[in-house]
Amino acid sequence: MCVDSWPTFTTAICYRQKQHFSSSSSSRSFGVIPDICSVFSKNPATLRRLLLNERVLNWKSGPTFRGIPSSHCQLIKELASLSGLFITEYGGYHSFIHNILEKKSCQEKVLPLPNSILNESRAELMDALLPYGGSQGSLNHVRACIDHLPNHCVTDETGRPVSWMLSYELCELRMAYTLPEYRRAGHFLALSLTLIGKMSSVCLSVYCHVHRQNQGVY
């Protein structure tokens with residue numbers, strides 16, 4: 001993490017360098033998970049200065065930005081173009097930040113299906129349903145998230161996942177999906193509360209992004 005000044009600051013950049021991941025159950029390598037970067041800033045000038053500092057961010061490595069406010073997108077596109085990079089933007093999402101875990105009971109809304117933890121054998125199903133999935137890189141990322149980070153799912157009677165939610169390195173709940181025939185049953189809420197409880201218990205600040213068209217969540 002890098003900030004513009006200390007102890008008070010107006011800009012913070014959370015950044016993880018590329019890492020190689022392998023399965024915890026075998027010696028098979030998943031390959032490289034790309035650089036992931038998130039930005040929080042109240043000062044565009046300071047943000048520009050930090051992003052242009054090669055000691056803070058290496059644009060040549062092709063970083064992936066997560067959870068970036070729309071007000072910063074144009075600046076990031078401009079700086080990326082200086083390095084000959086093209087930015088693909090996935091917008092149209094609302095941000096939700098968890099502060100206090102409320103004691104809610106969602107049993108009445110949830111179908112009587114068992115809960116479970118995902119394993120890497122389900123990675124291809126998860127990746128195929130992502131809007132940006134389908135590549136070996138995205139599949140590797142899904143496998144690493146399943147194998148190394150908190151996740152939870154709801155399964156049918158045969159053990160097949162019908163609703164699931166994963167998490168990312170920056171404590172974001174992501175890649176949530178429910179099969180169409182199991183929607184409007186409260187699974188998203190149940191999975192969210194389960195993961196928020198697990199991650200909050202170890203003092204992690206949890207947040208997520210929900211697409212504006214997903215009115216049922218609101």
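Along every chain, residues carry numbers that run from 1 in the direction the sequence is written. Confidence filtering applies because this is a predicted model: local features only for residues at pLDDT of at least 70, side-chain atom pairs given and counted only at 80 or more, and all residues used for totals across whole chains, interfaces and linings. The basis for every side-chain value is the complete set of heavy atoms in the structure, and neither hydrogens nor water enter the calculation.

Colleague: What should I look at first to understand the packing of aromatic side chains in this one?
Modeller: Any aromatic ring pair is given by two values, namely how distant the centres are and how the planes are angled relative to each other. Within 6.5 Å between ring centres, the rings of Phe, Tyr and Trp (the latter by its six-membered ring) count as paired, and their orientation is classed by plane angle as stacked under 30 degrees, edge-to-face over 60, tilted in between. Under the defined criterion, the tally for this structure stands at three aromatic pairs. Its guanidinium or amino end placed over the ring of Tyr 177, Arg 183 lies 5.3 Å from that ring's centre, counting from NZ or CZ. We count a charge as sitting over a ring when the NZ of a lysine or the CZ of an arginine lies within 6 Å of the ring centre and within 35 degrees of the ring normal.

Colleague: Where do I start with the nonpolar core in this structure?
Modeller: Side chains that are nonpolar tend, in soluble globular proteins, to be buried together. Counting 27 residues, the largest nonpolar core has Val 142, Leu 166 and Leu 173 as the members making the most contacts within it. Among residues more than four places away in sequence, those in contact with Val 142 are Ala 123, Met 126, Asp 127, Leu 130, Leu 166 and Met 175. Definition of nonpolar core: a set of buried residues of the types Ala, Val, Leu, Ile, Met, Phe, Trp, Tyr and Cys, connected through side-chain atoms within 4.5 Å. We call a residue buried when its accessible area falls under 20% of the maximum for its residue type, exposed when it is over 50%, and partly exposed in between, using a 1.4 Å probe and counting protein chains only. In this structure, Leu 47, Leu 57, Trp 59 and Ile 68 belong to the second largest nonpolar core, which totals 16 residues. Two residues qualify as a contact provided that any one of their heavy atoms is within 4.5 Å of a heavy atom in the partner residue.

Colleague: Looking at this model, I keep getting lost on the environment of Leu 52. Mind explaining?
Modeller: What counts as a helix is a DSSP run of H or I of at least four residues, what counts as a strand is a run of E of at least two, and both are numbered from the N terminus. By the element assignment, Leu 52 lies in the loop between α1 (44-51) and β6 (64-65). A relative accessible area of 46% means that Leu 52 is categorised as partly exposed. Separated by 28 residues in sequence, Leu 52 and Ala 80 place their C-alpha atoms 9.8 Å apart. Dropping the residues within four chain positions of it, Leu 52 is found in contact with Leu 79 and Leu 82.

Colleague: Which parts of the structure should I look at to understand the state of the cysteines?
Modeller: What we call a disulfide is simply a covalent bond connecting the sulfur atoms of a pair of cysteines. In what follows, a disulfide is any cysteine sulfur pair within 2.5 Å. Inspection of the entire model under this criterion finds zero disulfides. The cysteine Cys 14 is free of any disulfide, with Cys 37 supplying the nearest cysteine sulfur at 7.8 Å. With a relative accessible area of 18%, Cys 14 lands in the buried category.

Colleague: Is there a simple way to explain a nonpolar patch on the surface in this structure?
Modeller: Think of a patch as exposed residues, more than 30% relative accessible area, with no salt bridge, where like charges cluster within 9 Å and nonpolar side chains (Val, Leu, Ile, Met, Phe, Trp, Tyr) cluster within 5 Å. For every accessible area listed, the method is Shrake-Rupley and the probe measures 1.4 Å; residues are considered covered only by the protein chains on display. Any Lys or Arg side-chain nitrogen located within 4 Å of an Asp or Glu carboxyl oxygen qualifies as a salt bridge. On the surface, Met 1, Trp 6 and Phe 9 cluster together into a nonpolar patch covering about 440 Å² of accessible area. Within the secondary structure layout, Trp 6 lies in the loop between β1 (2-3) and β2 (11-16). The exposed category is assigned to Trp 6, whose relative accessible area is 67%.

Colleague: I'm lost on the confidence of the model for the chain in this one. Help?
Modeller: A low pLDDT means the predicted coordinates there should not be read in detail. Model confidence for the chain is summarised by a mean pLDDT of 79, while 76% of its residues fall at 70 or above. A residue's pLDDT is the confidence the predictor assigns to it, expressed on a 0 to 100 scale. For the chain, the element scoring lowest by mean pLDDT is strand β4 (residues 29-33), at 48; α1 scores highest, at 94. Throughout residues 103-110 the model reports pLDDT below 50, and contacts reaching past four residues in sequence, or to other chains, amount to ten contacts.

Colleague: Would you take a moment to explain unusual backbone geometry for this structure?
Modeller: When glycine is set aside, most residues are seen to have a negative phi, and most peptide bonds are trans. Residue Pro 7 follows Trp 6 across a cis peptide bond; omega there is 10°. You can see Pro 7 is positioned in the loop between β1 and β2. The backbone phi angle of Met 175 is positive, close to 55°, even though this residue is not glycine. Mapped onto the fold, Met 175 is located in strand β11 (residues 172-178). At Arg 184, a residue that is not glycine, the phi angle is positive and equals roughly 60°. Relative to the elements of secondary structure, Arg 184 occurs in the loop between β11 and α5 (187-200). The exposed category is assigned to Arg 184, whose relative accessible area is 75%.

Colleague: Would you mind going over helix α4 (residues 136-148) with me for this structure?
Modeller: Residues spaced three or four apart along an α-helix face the same direction, because each turn holds 3.6 residues. Helix length check: α4 (13 residues) gives 18 Å between terminal C-alpha atoms against 18 Å at 1.5 Å per residue, within 8%. For α4, the set of buried residues is Ser 138, Leu 139, Asn 140, His 141, Val 142, Arg 143, Ala 144, Cys 145 and Ile 146. Multiplying 1.5 Å by the residue count of a helix minus one yields the expected span of that helix.

Colleague: What is the right way to read the environment of Leu 57 from this model?
Modeller: Positionally, Leu 57 belongs in the loop between α1 and β6. Placed 44 residues apart in sequence, Leu 57 and Ile 13 show a C-alpha to C-alpha distance of 9.1 Å. Setting aside chain neighbours within four positions, we find Leu 57 in contact with Tyr 15, Leu 51, Pro 63 and Phe 65.

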